[in-house]
Amino acid sequence: MVEPKKRVVLMGSTELIVGRASKIYSVRNSRVVLSDDLAELFGVGTKILLQAVRRNLGRFPDDFQFSLANHESTILSTNA
């Protein structure tokens, strides 16, 4: 069985994604955007986006991102 790809969830301003409501998910009682979708929105690769976030962690609140558990990723993959 293929294990689902781990995804990082980025929480923040939904004003950036006007017109892309289908890319906003509710996870752990928060509205979130997956890193894959956010990278697509900005026209960069997911790896590049995550590198930029890691390099600038001090600019983001502590709860800005979290990793999905395997079962959460599976649920989002089947419903997306």
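Up top is the structure.
Because the structure is a prediction, the values reported are computed rather than measured.

(A) Summary view of the pattern of salt bridges. Tallied over the full model, the rule gives one salt bridge. A salt bridge links Arg 28 to Glu 72, with the shortest nitrogen-to-oxygen separation between them at 2.8 Å. One end of the pair, Arg 28, is in the loop between β2 (24-27) and β3 (30-34); the other, Glu 72, is in helix α3 (residues 70-79), with 44 residues separating them in the sequence.

(B) Layout of the packing of helix α1 (residues 35-42) against helix α2 (residues 46-55). For the pair α1 and α2, the least separation of the axes is 8 Å and the interaxial angle reads 100°. Overall, the two elements α1 and α2 adopt an arrangement that is roughly perpendicular. On α2, the residues touching Ser 35, Asp 36, Leu 38 and Ala 39 of α1 are Thr 46, Leu 49 and Leu 50. Among the residues forming the contact of α1 with α2, the class breakdown is four nonpolar, two polar and one charged.

(C) Molecular detail of the pairing of β2. Burial along β2 is one-sided: the face carrying Tyr 25 and Val 27 is buried and the face carrying Ile 24 and Ser 26 is not. For β2 and β3, the ladder comprises four bridges, and the chain directions are antiparallel. What sits directly across from Val 27, in β3, is Ser 30. Connecting β2 to the antiparallel partner β3 that follows it, the hairpin turn spans two residues, and Arg 28 within it adopts a positive phi of roughly 55°.

(D) Structural view of the environment of Leu 68. Position of Leu 68 relative to the elements: it lies in the loop between β4 (65-67) and α3. Note on Leu 68: relative accessible area 6%, which makes it buried. In this structure, the C-alpha to C-alpha distance between Leu 68 and Val 27, residues 41 residues apart in sequence, is 8.9 Å.

(E) Up close: α1. Taken residue by residue, α1 has Ser 35, Asp 37, Leu 38 and Ala 39 as its buried positions. Where α1 ends, the next residue or the one after it, Gly 43, has phi of about 75°, a positive value.

(F) Layout of α3. Turning to α3, its buried residues are Glu 72, Ser 73 and Leu 76. With its buried residues spanning 100° around the axis, α3 presents them on a single face. Exposed and facing more than 90 degrees away from the buried side of α3 are His 71 and Thr 78.

Parameters at a glance
Residues numbered from 1 in each chain as written. Predicted model: local features only at pLDDT ≥ 70, side-chain atom pairs only at ≥ 80, totals over all residues. Heavy atoms only, no water. Salt bridge = Lys/Arg side-chain N within 4 Å of Asp/Glu carboxyl O. Helix = DSSP H or I, 4+ residues; strand = E, 2+ residues; numbered from the N terminus. Axes fitted to C-alpha atoms, helices over the stretch in contact; angles between N-to-C directions. Parallel < 35°, antiparallel > 145°, perpendicular 65-115°, else oblique. Contact = heavy atoms within 4.5 Å. Nonpolar A, V, L, I, M, F, W, Y, C, P; charged D, E, K, R; others polar. Buried < 20%, exposed > 50% of the residue type's maximum accessible area, 1.4 Å probe, protein only. Pairing = 2+ DSSP bridges. Arc of directions from axis to C-beta.

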